[in-house]
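# Observations on the three-dimensional arrangement
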Amino acid sequence: MGSGSWETIFTNGLGGPGGTEIQRGGMKWQLGFSAPLETKEGATVSIWTAPRHDAWETRVIAVRNDGTEVANGTRSSANDQATWTFADLPLATVRDFHFQVRHVDWVEFRDIALAPMK
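Quantities reported herein were computed from a predicted structural model and do not represent experimental measurements.

Below, the discussion takes up empty space enclosed by the protein. Applying the stated criterion across every chain, the model contains one cavity of 30 Å³ or more. Quantified by volume, the largest cavity comes out at close to 70 Å³. Along its surface, the largest cavity is lined by 13 residues, and Ala50, Thr58, Arg75, Ala82 and Phe99 are the ones closest to its centre. Elements represented by at least two residues in the lining of the largest cavity include exactly strand 5 (44-49), strand 6 (56-64) and strand 9 (81-86). Ranked by residue count, the leading element in the lining of the largest cavity is strand 6, at three residues. The residue inventory of the lining of the largest cavity, partitioned by class, reads seven nonpolar, two polar and four charged.

Quick look at the structure:
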């Protein structure tokens, strides 16, 4: 489960494609991103590549021109590439995107029967 607050480690405006490398939390984050686009349904789509680290959760949020954050994007992933879709968010209303991370604490439950005998 995620612990602590989300931390923005990189901000991208509406440019792309591009990439950067950041050291954070003892990890190397090699990020790639494409220029965002708007679908004909009015959703904004942003595609990112980032390494997966077991001890970290990642997300992308959009920031509107007025500074409000939109964190309810849906994510679809394949390997290290993730597509973030923000429904009903026209691209013209977006100022930038933030790539965020937060640490994960693993919890282990021992000697629990997942399929108890009857």
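We are not done yet, so read on.
On to the packing of aromatic side chains. Taken as a whole and judged by the stated rule, the model has seven aromatic pairs. The interplanar angle of 75° and the centroid separation of 6.3 Å between the aromatic rings of phenylalanine 10 and tryptophan 48 together place this pair among those described as edge-to-face. Linking phenylalanine 10 in strand 1 (residues 7-12) with tryptophan 48 in strand 5, this pair joins segments that are 38 residues apart in sequence. For the pair phenylalanine 10 and tryptophan 48, one class covers both residues: buried. Counting every residue linked through ring pairs, the aromatic cluster contains Phe10, Trp29, Phe33, Trp48, Trp56 and Phe99.

To continue, consider the environment of phenylalanine 99. Note on placement: phenylalanine 99 falls in strand 10 (residues 94-103). Phenylalanine 99 sits in the buried class, given a relative accessible area of 3%. Measuring from C-alpha to C-alpha, the distance between phenylalanine 99 and proline 36 comes to 14 Å, with 63 residues separating the pair along the chain. Among residues more than four places away in sequence, those in contact with phenylalanine 99 are Glu7, Thr8, Ile9, Phe10, Trp29, Leu31, Trp48, Ala50, Thr58, Arg59 and Val60.

Of note, the amide linkage connecting glycine 16 to proline 17 takes the cis form, showing an omega dihedral of 0°. By the secondary structure assignment, proline 17 is in the loop between strand 1 and strand 2 (18-24). Residue aspartate 111 is not a glycine yet carries a positive backbone phi of 55°. For aspartate 111, the location among the structural elements is in the segment after strand 10. Among the residues examined, aspartate 111 registers a relative accessible area of 82% and is labelled exposed.

Here is what the cut-offs are and how they apply
Residues numbered from 1 in each chain as written. Predicted model: local features only at pLDDT ≥ 70, side-chain atom pairs only at ≥ 80, totals over all residues. Heavy atoms only, no water. 1 Å grid on protein atoms, 1.4 Å probe; cavity = no way out; pocket = protein on both sides within 12 Å on 5 of 7 lines; lining within 4 Å. Points joined across faces, edges and corners; volume = space filled by probe spheres on them. Helix = DSSP H or I, 4+ residues; strand = E, 2+ residues; numbered from the N terminus. Nonpolar A, V, L, I, M, F, W, Y, C, P; charged D, E, K, R; others polar. Phe/Tyr/Trp six-rings, centres within 6.5 Å; stacked < 30°, edge-to-face > 60°. Buried < 20%, exposed > 50% of the residue type's maximum accessible area, 1.4 Å probe, protein only. Contact = heavy atoms within 4.5 Å.

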